[in-house]
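Listed here are the chains, written in short residue letters.
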Amino acid sequence: MSYLVVYMKKKWIQLTAMLLIVATVFAVFVSDRVSAQTVKRIGTVTHNELRVRDGAGTEGTNILGFLYTGAVVMILDETTVGSTVWYQINGNVASGNVTGWISGDYVHVRELVLDGTYEEYLASQGFPQSYWEGLSTLHALYPNWQFIAVDTQLEWSEVVAAETQLGKKLTHRSSPDYYIDWTDVDANGNLIGRDGYYWVQASSHIIQYYLDPRNFLTDPSIFMFESQSYDVNNHTIEGVENILVNTFMDATKPFEADGATYTHAQVIMEAAKQSGVSPLHLASRLRQEQGATGSALSFGTVSGYEGYYNYFNYGAHPTPEYTTLVNGARYAKNISETYFGPWTNPLRAIMGGAKLLGQNYINLGQDTVYFQCFNVVYRPSLYGHQYM
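Residues numbered from 1 in each chain as written. Predicted model: local features only at pLDDT ≥ 70, side-chain atom pairs only at ≥ 80, totals over all residues. Heavy atoms only, no water.

Moving on, we get to the nonpolar core. Counting residues in hydrophobic clusters, the biggest one holds 40 residues, and the most contacted among them are Ile268, Leu282, Tyr311, Phe312 and Leu357. Counting only elements with at least two residues in this core, the list comes to helix H5 (237-244), strand S12 (255-257), helix H6 (264-275), helix H7 (279-290), helix H9 (324-334) and helix H10 (346-360). Element by element, the count of residues in this core is highest for H10, at seven residues. Apart from the residues within four sequence positions on either side, isoleucine 268 is in contact with Val240, Leu244, Pro279, Leu282, Ala283, Leu286 and Ile350. Trp132, Ala162, Tyr209 and Phe371 belong to the second largest nonpolar core, which has 34 residues in total. (Core = buried A, V, L, I, M, F, W, Y, C linked by side-chain atoms within 4.5 Å. Buried < 20%, exposed > 50% of the residue type's maximum accessible area, 1.4 Å probe, protein only. Helix = DSSP H or I, 4+ residues; strand = E, 2+ residues; numbered from the N terminus. Contact = heavy atoms within 4.5 Å.)

For the structure on display, the rule yields 20 aromatic pairs. Between the aromatic rings of tryptophan 145 and phenylalanine 223, the centroid separation amounts to 5.6 Å while the plane-to-plane angle is 75°, which identifies the pairing as edge-to-face. Taken together, the residues span a long stretch of sequence, with tryptophan 145 in the loop between helix H2 (129-141) and strand S9 (146-155) and phenylalanine 223 in the loop between helix H4 (204-211) and H5 at a distance of 78 residues. Ring geometry for tyrosine 209 versus tyrosine 210: centroids 5.3 Å apart, planes at 80°, classification edge-to-face. We classify tyrosine 209 as buried; its relative accessible area is 8%. Classification of tyrosine 210 by relative accessible area gives partly exposed; the value is 32%. Positioned above the aromatic ring of phenylalanine 374, the side-chain terminus of lysine 169 is 4.8 Å from the ring centre. Positioned over the ring face of tyrosine 339 is lysine 355, at 5.6 Å from the centre of the ring. (Phe/Tyr/Trp six-rings, centres within 6.5 Å; stacked < 30°, edge-to-face > 60°. Lys NZ or Arg CZ within 6 Å of the ring centre and 35° of its normal.)

Our next topic: the environment of glycine 126. Tracing the backbone shows glycine 126 in the loop between helix H1 (118-125) and H2. With relative accessibility at 11%, the residue glycine 126 sits in the buried group. With 25 residues separating them along the chain, glycine 126 and aspartate 151 place their C-alpha atoms 7.9 Å apart.

Now the structure itself:
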C-alpha cells in the first residue's frame, strides 16, 4: 500500500512530508541520530472508550480523553495498582496528543524494533523530523507499506485561516464541547445552524488537530492517507467483497440492471477500471454513504422519485425547497449520459458516481480522504473543491 503524507510549512519548522498535513516548508536537516536500531514498546488498544488518566489507577485521577479499539500508543512506563498493571502512554485523543495512564487490562503490549536506517529514507523523501518516529513505527509494523512525502508549499497559518472560515468545516450539535465554535451565535446567543439546524461551525482548534497529519500516524488512522488510485496489481474483487460483507451490497444480494445480473462487487471492480479509482475506496465510500442497511437513495424509493438511485449521495443536501433525499434523487434523475445518467439502477449509479469521483477528485491529485476533506493540492480551487 502507498500512503501520501502531506506537510505544510510552520514558522521555524520545515515540514516536507507527503502525509496530508498543511504545514510550512523550510528545510529538513538530517542529524547524526540517524543510526542504530531502537527497541520500543507499543500498545494496541483492545477496548472502545478506554480512559486515559492523569495518574495510575481510578482513585483520585482525572480523565484526559479516550482511546478506541485498534489505537496504537507508545508505552513509556508501567506500575501496579492493586492487582492491575497500569501503563504510562503517549497517544492521540480527540483533543490532541496526551501523555497519561491506561489500564493494562485493555491493551496488548509488544516490543518493536525500529530500524534507525529507515529514517534516512524518510529524510531523503523530505519528511520533517517530527514525522520520523510515527512513520518508523508503522514501517516496523508493516514493512511493505510505502510512505511518500507531499510538499504542499503552503504556509500553515494560511491553511488554518482558510479552513477555519465560517461554514467551511462543520460538526454536529451533539459533538463534544471542544468540537464546537461557541462564538458562532445569532443575536439571541444561539448557535447558528450552518447546514440545517444540526450542523454548526467546528472550533478552530479541532480543525487544526485534524489538519495536522502527525496526529494520525497510527493504524488505522493512517488509512486517511492511503492512495485511492486504481492499482491493477493489488486490487482484487475479494478485497471488495470483504468490505461489503454483512451489508445490503454483499455477494449474496445480486441485482438486475439493464438486462443482466450483477453483484455490487462486480460493478465496483468495473467502475474502478473505468474511473481510475481504487475499488477498495469505492466500496468503503459506498458503505460509509449508504450504511450497512442502505437508504432510500440506494433502493430507489424516494417518494415522488421512485426508480432513481444515488449511491454516492451526490447533491444530497437540504435546501429551502427540497429535503436531502429529494435533492439526491433529483440529481440522479438529471445527471447527464456522460456519467451513465439518468441513474435508474444501481449499476448506473455506481458507474456514474465513480466516474465523477475519479474525474473531479482522484485524477486531479485529491487521491486521499485527507486531500478530499482538506484540498491543499489542487491549485485551481485551494481550500475549496472539498468533498466534505
